[in-house]
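# Residue-level structure breakdown
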Amino acid sequence: MKENQVDIQTAAAQTATKQKNPLVQLIDRLYELFDNKKIRFIVLAAAVAVLLYLPMRTSMYFMEVMTNVWFYVVMCLGLNIIVGFAGLLSLGYAAFFAVGAYTTGILILHYGVNFWLTLPVSVLMAVIAGLAIGTPTLKLRSDYLAIVTLGFGEMTRLAARNLEITGRATGLVGISRPSIFGMTLYKINHFYYAFLLLAILAIFVSYRLQDSRIGRAWKCIREDEDAAEAMGINVVAIRLFAFVIGSVFGALAGSFMAVKMTAISPDSFLFTQSVMILLAVVLGGMGKIPGVILGAFAMVIFPEIFRGIGQYRMLIFGLLLLVLMIYRPQGLWPERSGGYSAKGKI
Amino acid sequence: MILDIKDLTLRFGGLTAVNKVSFGIEEGSIESLIGPNGAGKTSLFNCLTGFYKAQEGDILFQDQSVMRLKPHKITILGMARTFQNLRLFKNLTVMENIMSGMHCRTSSGLAGAVMRSPGQRAEEKRIREVATECMEFIGILDKKDMVAKNLPYGDQRRVEWARALATQPKLLLLDEPAAGLNYDEKMQLVELIRRIRDERKITVFLIEHDMGLVMKVSEKIFVIDYGTKIAEGTVQEVQNNPRVIEAYLGKEEEDAI
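Residues numbered from 1 in each chain as written. Chains lettered and ligands numbered in written order. Predicted model: local features only at pLDDT ≥ 70, side-chain atom pairs only at ≥ 80, totals over all residues.

### Quick word on the overall build of chain A
Counting secondary structure elements, chain A contains 14 helices and four strands. In summary, chain A has a C-alpha radius of gyration of 21 Å against a globular reference of 20 Å for 346 residues, a match within 12%. Taking all 346 residues of chain A together, the buried fraction comes to 43%. A separation of at least 24 residues holds for 78% of the contacts in chain A among residues at least 6 apart in sequence. (Helix = DSSP H or I, 4+ residues; strand = E, 2+ residues; numbered from the N terminus. Rg over C-alpha atoms; globule rule 2.2 N^0.38 Å. Buried ≥ 20, exposed ≤ 12 C-beta atoms within 10 Å, placed from the backbone. Contact = placed C-beta atoms within 7 Å.)

### Some words on the sheet that holds strand S8 (residues 203–207) of chain B
All names here are of chain B. Taking strand neighbours across the sheet as the criterion, the six strands line up as S6-S7-S8-S3-S9-S10 in an open arrangement whose pairing is mixed. The open sheet has two free edges, formed respectively by strand S6 (79–81) and strand S10 (228–233), since each of these has just one partner strand. In this sheet, neighbouring strand axes are inclined to one another by 20 degrees on average, regardless of whether the strands run parallel or antiparallel. Sheet analysis places S6 next to strand S7 (residues 171–175), joined by three bridges and oriented parallel. Counted as the bridge partner of Met79 is Leu171 from S7. Across the face of the sheet, helix H1 (residues 41–48) comes into contact with strand S3 (30–34), S6, S7, S8 and strand S9 (220–225) while running at roughly 150 degrees to S7. (Pairing = 2+ DSSP bridges. Axes fitted to C-alpha atoms, helices over the stretch in contact; angles between N-to-C directions.)

### Some details on helix H12 (residues 271–284) of chain A
Residues and elements named next belong to chain A. Look at H12: 20 Å from first C-alpha to last across 14 residues, which is about the 20 Å you get at 1.5 Å a residue. For H12, the buried fraction is high: ten of the 14 residues fall into the buried class. Buried residues belonging to H12 abut helix H4 (60–85), helix H5 (94–111), helix H7 (142–162), helix H13 (289–305) and helix H14 (312–327). (Expected span 1.5 Å × (residues − 1).)

### Here's the deal with the domain arrangement of chain B
Residue and element names in this part refer to chain B. Taken domain by domain, chain B holds domain 1 (1–78 + 169–257) and domain 2 (89–167). For domain 1 and domain 2, the distance between their C-alpha centres works out to 27 Å. Facing nine residues of domain 1, the contacting portion of domain 2 comprises six residues. Tallying contributions element by element places helix H2 (residues 71–77) first for the side of domain 1 that touches domain 2, with three residues. (Domains from an automatic or database assignment.)

### Some remarks on the interface of chain A and chain B
In this complex, chain A contributes 29 residues to the contact, which on the side of chain B involves 38 residues. Put simply, the parts of the chain that give the side of chain A that touches chain B at least two residues each are helix H1 (2–20), helix H8 (188–210), helix H9 (213–223) and helix H10 (225–230) of chain A. By residue number, the principal contributor to the side of chain A that touches chain B is H9 of chain A, which donates seven residues. Taken together, the residues of the side of chain A that touches chain B sort by class into 14 nonpolar, six polar and nine charged. (Nonpolar A, V, L, I, M, F, W, Y, C, P; charged D, E, K, R; others polar.)

### Considering the pairing of S8 of chain B
Residues and elements named next belong to chain B. Judged by how many residues are buried, S8 sits mostly within the fold: five of five residues are covered. Here S8 shows a buried face lined by Thr203, Phe205 and Ile207 and a second buried face lined by Val204 and Leu206. Looking at chain direction, S3 and S8 are connected through four bridges and run parallel. Note that in S8 the partner of Glu31 across the bridge is Phe205. For the crossover that starts at S7, traverses helix H7 (residues 183–200) and ends in the parallel S8, the hand is right-handed. (Right-handed = clockwise from strand over helix to strand, strands pointing away.)

### Re the nonpolar core
Val73, Val74, Cys76 and Ala242 of chain A are the most contacted members of the largest nonpolar core, which totals 168 residues. When residues in this core are grouped by element, the largest group, 16 residues, is from helix H11 (residues 235–261) of chain A. Split by domain, this core shows at least three residues from each of two domains, domain 1 (1–78 + 169–257) and domain 2 (89–167) of chain B. Among residues more than four places away in sequence, those in contact with Cys76 of chain A are Ile277, Ala280, Val281, Val292, Gly295 and Ala296 of chain A. (Core = buried A, V, L, I, M, F, W, Y, C linked by C-beta atoms within 7 Å.)

### What to know about the sheet that holds strand S5 (residues 64–65) of chain B
All names here are of chain B. Pairing within the open sheet is antiparallel, and its four strands lie in the order S2-S1-S4-S5. Pairing within the sheet leaves two strands with one partner each, and these edge strands are strand S2 (15–25) and S5. The pairing of strand S1 (residues 3–12) with S2 spans seven bridges and is classified as antiparallel. If you follow Leu3 over to S2, its bridge partner there is Ile25. Of the strands in this sheet, S1, S2 and strand S4 (56–61) are in contact with H1, which crosses S2 at around 65 degrees.

### Quick look at unusual backbone geometry
Residue and element names in this part refer to chain B. Although it is not a glycine, Lys20 sits at a positive phi angle of roughly 45 degrees. Here Lys20 lies in strand S2. Positive phi values are uncommon outside glycine, yet Glu176 reaches one of about 50 degrees. Along the polypeptide, Glu176 turns up in the loop between S7 and H7.

### Quick word on the environment of Asn46 of chain B
Residue and element names in this part refer to chain B. Of note, Asn46 is situated in helix H1. Since 22 C-beta atoms lie within 10 Å of it, Asn46 is described here as buried. Through-space distance from the C-alpha of Asn46 to that of Arg81 is 9.4 Å; in sequence the pair is 35 residues apart.

### So, the packing of H5 of chain A against H11 of chain A
All names here are of chain A. Running from N to C, H5 and H11 cross one another at 45 degrees; their axes reach a closest spacing of 6 Å. On the basis of the axis angle, H5 is oblique to H11. At the point where H5 passes H11, the crossing takes the right-handed sense. For the pair H5 and H11, contact is made by Phe96, Phe97, Ala98, Val99, Gly100, Ala101, Thr103, Thr104 and Gly105 and by Ser247, Gly250, Ala251, Leu252, Ala253, Gly254, Ser255, Met257, Ala258 and Val259, respectively. (Parallel < 35°, antiparallel > 145°, perpendicular 65-115°, else oblique. Left-handed = near helix turned anticlockwise from the far one by under 90°.)

### A look at the confidence of the model for chain A
Chain-level statistics for chain A give a pLDDT mean of 87 and a share of 91% at 70 or above. A low-confidence stretch, residues 340–346 of chain A stays under pLDDT 50, and its non-local contacts, those more than four residues away or across chains, total 16 contacts. (pLDDT = per-residue confidence, 0-100.)

Spelled out as structure tokens, the structure:
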């Protein structure tokens with residue numbers, strides 16, 4: 001009872017302050033504009049055109065950074081399904097990335113399999129990994145789940161470090177480049193396009209899932225697992241599904257990364273990697289797709305811009321994060337003041 | 001009998017919350033469960049809906065045992081519930097809250113969602129139609145795009161009822177639906193409970209503290225105290241039952257002051 005009364009009061013207070021803020025009005029106006037299908041189409045088409053044209057004009061360094069951005073967009077959107085949509089705090093996401101990278105690496109290096117044929121295997125392995133982490137943690141909630149996923153991430157890395165087939169501490173070196181229609185992908189621009197397409201696919205799938213029956217079920221278990229169960233939602237299955245889909249995103253990104261780098265080692269999948277991905281998701285705004293994309297951008301671009309100040313850049317990055325989390329815990333991406341549009345999208 | 005409870009016993013360690021309770025609920029009726037605070041009403045509700053697993057006895061819903069089923073399976077069979085303390089999906093819109101009720105009546109998965117197949121689109125349309133109809137029935141259609149936590153308390157209650165109706169139940173369990181409502185809202189609730197039964201042919205079983213509401217709406221009342229059933233019968237029978245007066249109604253007077 002008391003809780004509810006407080007809720008109502010804070011809600012009322014929020015609406016009161018929001019009405020006065022011109023910035024909020026501007027954001028609402030932009031959202032309204034974007035609701036118009038034609039405008040949305042034009043803006044998105046222009047954005048894609050610019051992104052496709054970019055490699056013709058810019059430096060190799062810039063392309064390297066942008067490729068990295070798309071790679072992180074895919075990873076962050078994958079983690080967003082687990083953490084943002086389903087509300088399952090995971091600290092071991094790099095493990096899924098490792099599963100994809102190693103699957104592709106091993107198949108190419110040891111068995112001479114064509115890169116494109118390793119992708120379905122990578123997806124299959126990701127499903128197994130998703131179930132492996134999801135099943136024993138079905139009953140766990142937030143903090144406990146975070147600790148178990150952290151353990152899972154470290155286990156995967158240590159296994160890779162010690163197994164013969166994964167090349168122990170050296171990892172896998174000399175993974176051959178993939179080719180498509182007789183053309184070998186080796187330039188940074190090739191991989192820029194590959195990761196851009198992968199990112200667009202990830203964004204598309206994320207949006208479609210968000211507005212679906214499964215996506216709504218994820219949001220329900222994030223909000224209240226018991227109430228979701230009472231509504232006839234199979235919480236166990238829906239949770240597992242989030243892990244599996246999130247895992248597939250990560251593994252696909254990993255597979256492409258393996259052939260881009262041509263070498264992978266256990267050190268690519270450190271705990272800090274999982275944390276950075278989680279950080280980007282939280283920074284941008286959990287559960288908000290454009291926010292997550294923004295988070296991935298910020299996380300890759302920021303350290304690049306401040307490369308000049310050397311090791312202090314991570315210190316500044318950390319401080320900025322701290323300030324942001326205090327003043328904007330919901331992440332960078334702004335919401336419309338009504339909360340949601342008619343269709344329930346952000 | 002749509003619901004038949006036989007010798008149901010629930011223990012938490014050494015404490016017996018529900019002790020050999022037996023009763024049945026007639027299909028198409030409105031019946032209530034009353035009892036003093038801590039009598040085990042909500043525990044009993046939680047057993048019926050699968051949230052607690054009773055140690056002994058049996059629960060038959062439409063002649064099928066639901067004792068060992070998970071809550072979502074029970075909902076799928078046609079038993080929906082609301083919660084004593086509101087359990088809305090607070091950050092979702094009213095529409096989304098109510099659409100969640102249709103989850104168990106629909107089936108599209110990953111492929112349907114990504115491809116937006118004709119089947120999936122038809123299903124989405126049906127989900128929206130059912131949700132809209134439920135909101136209209138309860139009278140919250142004008143609030144459909146609001147985020148649930150921003151609604152006044154009475155409306156939040158309504159969202160919970162509409163959400164339960166969206167699961168298309170045969171039996172609706174309401175856990176203290178009148179808690180926190182003002183007089184007008186309570187009168188509307190009486191009306192609503194009757195409409196749910198008469199227009200939608202749903203059997204209603206409620207736990208309630210508000211005696212006025214219980215006496216007005218119930219066709220049959222069960223009384224429990226210390227986990228044991230002490231009386232059952234019509235409003236008059238229960239009102240005149242000395243054990244009930246001793247255990248409950250007398251105490252209620254004191255509480256009122």
